[in-house]
Amino acid sequence: MAENHPLIEARQQEVIADFAVFDDWMDKYEHLIELGKDIPTIDGARKTDDHLIKGCQSRVWLAADSAADGHVHFTADSDAIITKGLVGLMVQVLSDAPAKAIAEANLHFLDAIGLHQHLSPTRSNGLASMVQQMRLYAAALAARQA
Amino acid sequence: MANSSLPDRIRRDFPILEREVHGKPLVYLDNAASAQKPLAVIEGQREYLSNYHANIHRGAHQLAQLATEAFEGGRRKLAEHIGAPHVEEVIFTAGSTDAINLVAQSWGRANLGEGDVVLVTRMEHHANIVPWQMVCEAVGAKVEPVNVHEDGTLDLVDFHAALDRYSPKMVAFVHASNTLGTVNPVAELCRAASDAGALTLVDGSQALPHMSIDVKAIGCDFYVATAHKAYGPTGIGFLWGRKAILEAMPPWRGGGEMIQSVSFEGTTYNTLPHKFEAGTPHISGGIAFGLAIDWVRGVGIEAIAAHERSLVSYAHNALETLKGVRIIGTAPEKVGVVSLVVDGIHPYDLGTLMDGQGVAVRTGHHCTEPLMTHLGLESGTLRMSFAAYTTPREIDVAAAALARALAMLR
């Protein structure tokens with residue numbers, strides 16, 4: 001995979017630094033839950049089936065908007081708070097970045113903070129499908145820009 | 001009062017129970033999804049693979065004979081365990097799902113037609129809904145559900161009304177619900193369905209590990225179950241059916257083993273049970289299924305049932321004291337399954353945080369989406385399910401883990 005856009009790489013390093021203080025599994029989740037409670041979520045009017053990514057267990061909503069500068073703006077939400085924290089991290093890393101950078105992002109931060117299992121397609125939380133949707137949207141936009 | 005005398009005796013048979021998860025001792029409460037395996041099953045499979053593996057029912061050599069005897073021995077043990085009048089009425093399948101598909105595709109395609117009804121209940125696992133929907137769609141028949149009460153018991157008034165209303169050709173229902181634990185009055189249901197002229201299929205996936213089963217006393221026409229929930233291996237289960245019905249049914253899958261003679265002018269089929277067992281079967285699975293049955297009989301199914309009954313009431317008491325916890329499924333007769341929800345908190349969050357504390361539970365709709373919708377539980381439930389080796393102490397640990405998860409989420 002190509003090198004990350006500096007913006008996306010810097011944000012991932014930021015998340016990794018935030019999580020570095022927790023060595024206990026439960027502390028990490030406590031932090032994730034706090035993130036889930038605090039992050040700005042999707043506009044209620046857009047929390048519709050059109051924006052629903054159905055995981056087997058927790059549901060995830062994702063909305064994408066393209067900005068004039070060619071960046072993509074994401075907002076997302078979930079009905080499960082831990083998934084919401086993870087979704088929030090994804091948005092923090094990928095939103096408001098150039099479309100091409102999003103489509104080609106190497107998302108290594110979940111591995112680094114020990115939460116990679118949540119991105120596995122065997123996890124039925126909808127997160128893997130959400131990341132796929134984010135990439136697809138960005139790739140389609142990047143293709144139009146090219 | 002729940003005690004540890006049974007688990008104390010048998011826990012050493014299960015090596016996996018010694019392990020840790022996330023640095024905490026494993027508390028395995030996902031037995032309704034799959035039970036752990038005793039050494040007899042693990043070693044028995046190893047013994048077969050190391051000492052006498054060969055293909056069965058053919059081969060003039062010693063190993064083929066030993067393997068055939070062991071595999072057919074598994075079938076005999078199973079037949080005896082469920083009170084089957086004839087050993088050839090027990091068909092090995094890949095599991096309960098496969099067994100129901102066999103009946104739906106073989107019996108269903110031959111006997112269901114335009115406008116016919118297959119009656120099921122709203123508490124069925126998807127495996128006892130979708131195979132019927134598939135055959136019904138193909139032949140123009142319909143699947144209709146019987147209602148379930150709030151407490152998780154079957155609505156018997158609706159059941160009898162549905163028999164009158166639809167005159168179904170087939171009535172299929174669970175012996176024990178995987179989501180609610182409810183034990184259905186299967187003998188009563190079978191009698192009523194038979195009187196109404198229907199055949200009956202009982203899904204015993206959650207009954208086989210927890211209670212004694214006698215297909216004659218139940219009075220059903222078909223009974224299915226899987227090995228892996230009953231301490232046996234995955235990939236093997238069985239269909240029991242009445243001999244006359246099975247004999248009249250056409251084969252479903254074609255291939256080796258299921259034939260008597262093959263020619264391009266016309267093929268003739270083998271007798272029961274081989275007619276329904278095309279291809280090389282799961283030989284080690286059949287052998288180990290028999291060993292799992294031996295293990296259960298050695299411990300005593302009544303002792304297991306009594307132990308699990310006491311665990312259920314112990315768990316209900318321990319969990320109900322936690323603020324906001326609502327037990328889903330409070331039928332008077334239950335197998336070792338306790339489902340719960342906490343208003344405003346997603347079961348997935350609870351399950352994830354309990355996993356972090358070493359406690360394995362299942363969350364979600366448990367492959368019973370129509371039931372969850374019926375009960376208004378869109379996010380499903382958190383389910384703890386027990387086995388012979390589960391201790392009251394483990395339930396205490398699970399309750400404490402749940403309490404900690406709730407404190408973190410509130």
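Residues numbered from 1 in each chain as written. Chains lettered and ligands numbered in written order. Predicted model: local features only at pLDDT ≥ 70, side-chain atom pairs only at ≥ 80, totals over all residues.

K.L.:
Honestly, the sheet that holds strand β4 (residues 90-93) of chain B in this entry has me stumped. Any pointers?
P.N.:
What holds strands together in a sheet is hydrogen bonding between their backbones, with the strands either parallel or antiparallel. Residues and elements named next belong to chain B. If you trace the seven strands from one edge of the open sheet to the other, you get β4-β10-β9-β8-β7-β5-β6, paired in mixed fashion. Every interior strand has two partners, whereas the edge strands, β4 and β6 (142-146), have only one. When the angles between neighbouring strand axes are averaged without regard to direction, this sheet yields 20°. Where strand β7 (residues 170-174) and strand β8 (residues 199-203) come together, five bridges link them in parallel fashion. Among the inter-strand pairings, A172 is bridged to a residue of β8, identified as L201. (Pairing = 2+ DSSP bridges. Helix = DSSP H or I, 4+ residues; strand = E, 2+ residues; numbered from the N terminus. Axes fitted to C-alpha atoms, helices over the stretch in contact; angles between N-to-C directions.)

K.L.:
Explanation requested: the interface of chain A and chain B in the structure shown.
P.N.:
The interface is formed by 14 residues belonging to chain A together with 13 residues belonging to chain B. Those elements that provide at least two residues to the side of chain A that touches chain B are α2 (25-38) and α3 (81-94) of chain A. The dominant element in the side of chain A that touches chain B, judged by the number of residues it contributes, is α2 of chain A, at five residues. Looking at side-chain class alone, the side of chain A that touches chain B contains eight nonpolar, four polar and two charged residues. (Contact = placed C-beta atoms within 7 Å. Nonpolar A, V, L, I, M, F, W, Y, C, P; charged D, E, K, R; others polar.)

K.L.:
It is not clear to me how the packing of helix α1 (residues 6-19) of chain A against α3 of chain A should be interpreted in this structure. Could you clarify?
P.N.:
Packed helices, taken two at a time, are described by their axes: the angle between them and the distance between them. Residue and element names in this part refer to chain A. In contact at an axis separation of 8 Å, α1 and α3 are set at 145° when each is read in the N-to-C sense. Contacts between α1 and α3 pair I8, R11, Q12 and V15 from the former with L89, Q92, V93 and L94 from the latter. Broken down by class, the residue content of the contact of α1 with α3 amounts to five nonpolar, two polar and one charged.

K.L.:
Can you help me understand the domain arrangement of chain B in this one?
P.N.:
Many structure descriptions define interface size as the accessible area lost when the parts assemble. All names here are of chain B. In terms of domains, chain B is made up of domain 1 (5-30 + 300-409) and domain 2 (43-297). Opposite the 26 residues of domain 1 that make contact, domain 2 presents 25 residues. Looking at the side of domain 1 that touches domain 2, the elements with two or more residues in it are α11 (301-320), β14 (337-342), α13 (369-374) and β17 (381-385). When grouped by side-chain class, the residues that make up the side of domain 1 that touches domain 2 number twelve nonpolar, eight polar and six charged. (Domains from an automatic or database assignment.)

K.L.:
I tried to follow the sheet that holds β17 of chain B on my own but got confused; where do I start?
P.N.:
Residues and elements named next belong to chain B. An order of β13-β14-β17-β16 is seen for the four strands of this open sheet, with the pairing classed as antiparallel. Both outer strands of the open sheet, β13 (325-328) and β16 (362-364), are each paired with one neighbouring strand and no more. If you compare each strand with its neighbour and ignore which way they point, the axes differ by 30° on average. Relative to β17, β16 runs antiparallel, the two sharing three bridges. Bridging across to β17, R362 finds its partner in R383. Taken strand by strand, helix α12 (residues 347-355) contacts β14, β16 and β17, and its axis lies near 160° from that of β16.

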